[in-house]
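These are the residues of each chain, in order.
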Amino acid sequence: MLRAIWLLCLLFSTAGSWADTVQKSFKVTAQITTGCQLGSGTGTPSADFGTLDFGSMSSLYSNVDVASSAGAGSIVVACTPGMAVTVALDYGVNGGSVSQRYMSNGSGNTLAYQLFQDSNRSTVWGTGAQAYSIASFPGTTQTYTVYGRLFATNGFPAQGSYTDTVTVTLTY
């Protein structure tokens, strides 16, 4: 009897060694392509970049210069590092050009202004040759300041709230 119990123990202790194991593998891949995003880079695009505000005034005898800030006209761009990118600003919805853009009060009155790439206000920010070029985009989200100049008039402009809408185009 002892011999039978011993044989049963031996049989059950070696039962696991009779099973076979087969293995195969598979690969996991991802392809990252180049790309860009206008906005915060958080994955939630905002409606616009805010408003570049020249302020409130009753007369305009001299130029008024402003610089954008985050949420108030600055342009936020995120791209794949190393890409060549251009950021263009159109000339607005009120008939602007490379020499000047226009804000309108909706009653036929306009104020001339311009947008620039530099704080000296010497390089117009526009389309084509006036677009801002980045030869090799850096590895982090970039915020670009827009420098504005509201041109002086002869006297007092017509009262009203003057606006324009400028479209930003990112080409990569």
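In what follows, the structure referred to is the one given above.
A few points on the structure.

Parameters and conventions
Residues numbered from 1 in each chain as written. Predicted model: local features only at pLDDT ≥ 70, side-chain atom pairs only at ≥ 80, totals over all residues. Heavy atoms only, no water. Helix = DSSP H or I, 4+ residues; strand = E, 2+ residues; numbered from the N terminus. Buried < 20%, exposed > 50% of the residue type's maximum accessible area, 1.4 Å probe, protein only. Contact = heavy atoms within 4.5 Å. Pairing = 2+ DSSP bridges. Axes fitted to C-alpha atoms, helices over the stretch in contact; angles between N-to-C directions. Disulfide = S-S within 2.5 Å. Salt bridge = Lys/Arg side-chain N within 4 Å of Asp/Glu carboxyl O. Phe/Tyr/Trp six-rings, centres within 6.5 Å; stacked < 30°, edge-to-face > 60°.

Details of the overall build of the protein
If you tally the helices and strands in the protein, you get one helix and ten strands. Going from N to C terminus, the protein has its helices and strands arranged as α-β-β-β-β-β-β-β-β-β-β. Among the 172 residues that make up the protein, the fraction classed as buried is 28%. Put simply, of all contacts in the protein between residues at least 6 apart along the chain, 74% involve residues at least 24 apart.

Concerning unusual backbone geometry
Excluding glycine, residues mostly carry a negative phi; peptide bonds, for their part, are mostly trans. Phi is positive for Arg121, which is not a glycine, with a value near 55°. Mapped onto the secondary structure, Arg121 falls in the loop between β6 (110-116) and β7 (132-134). Judged by its relative accessible area of 12%, Arg121 is buried.

So, the environment of Thr143
Topologically, Thr143 is positioned in strand β8 (residues 142-144). Look at Thr143 and you get partly exposed, because its relative accessible area is 46%. Spatially, the C-alpha atom of Thr143 lies 9.2 Å from that of Gly39, the residues being 104 residues apart in sequence. In this structure, Thr143 is in contact with Ser74, Ile75 and Val76, ignoring residues within four places of it in sequence.

Section: the sheet that holds strand β1 (residues 36-38)
The sheet built from three strands is open, its strands ordered β1-β3-β8 with antiparallel pairing. Of all the strands in the sheet, just β1 and β8 have a single pairing partner and so form its edges. Averaged over all neighbouring strand pairs, the angle between strand axes comes to 25°, with direction disregarded. As paired elements, strand β3 (residues 75-79) and β8 share three bridges and run antiparallel to each other. Bridge pairing links Val76 to Thr143 in β8.

Overview of the state of the cysteines
For the coordinates displayed, the defined rule picks out one disulfide. Covalent S-S linkage joins Cys36 and Cys79, the inter-sulfur distance amounting to 1.9 Å. An S-S torsion of about 115° defines the bridge between Cys36 and Cys79 as right-handed. Of this pair, Cys36 sits in strand β1 while Cys79 sits in strand β3, placing them 43 residues apart in sequence. Each member of the pair, Cys36 as well as Cys79, is classed as buried.

Focus: the pattern of salt bridges
Across all of its chains, the model carries two salt bridges by this definition. The residue Arg121 makes a salt bridge to Asp65 at a minimum N-O spacing of 3.6 Å. With Arg121 in the loop between β6 and β7 and Asp65 in strand β2 (residues 64-67), this residue pair connects regions lying 56 residues apart in the sequence. Between Arg149 and Asp65 there is a salt bridge; the shortest N-O distance is 2.7 Å. One end of the pair, Arg149, is in strand β9 (residues 147-150); the other, Asp65, is in strand β2, with 84 residues separating them in the sequence. Asp65 gets classed as partly exposed once you look at its relative accessible area, which sits at 36%. Linked by salt bridges that have partners in common, Asp65, Arg121 and Arg149 make up one network.

Comments concerning the packing of aromatic side chains
All told, the structure shown has four aromatic pairs when counted by the stated rule. Each ring, one from Trp125 and one from Tyr132, has its centre 5.6 Å from the other, and the planes form 45°; the classification is tilted. Here the aromatic residues Trp125, Tyr132 and Tyr144 are joined through ring pairs into a cluster of three or more.

Read these as spatial facts, not as claims about activity.
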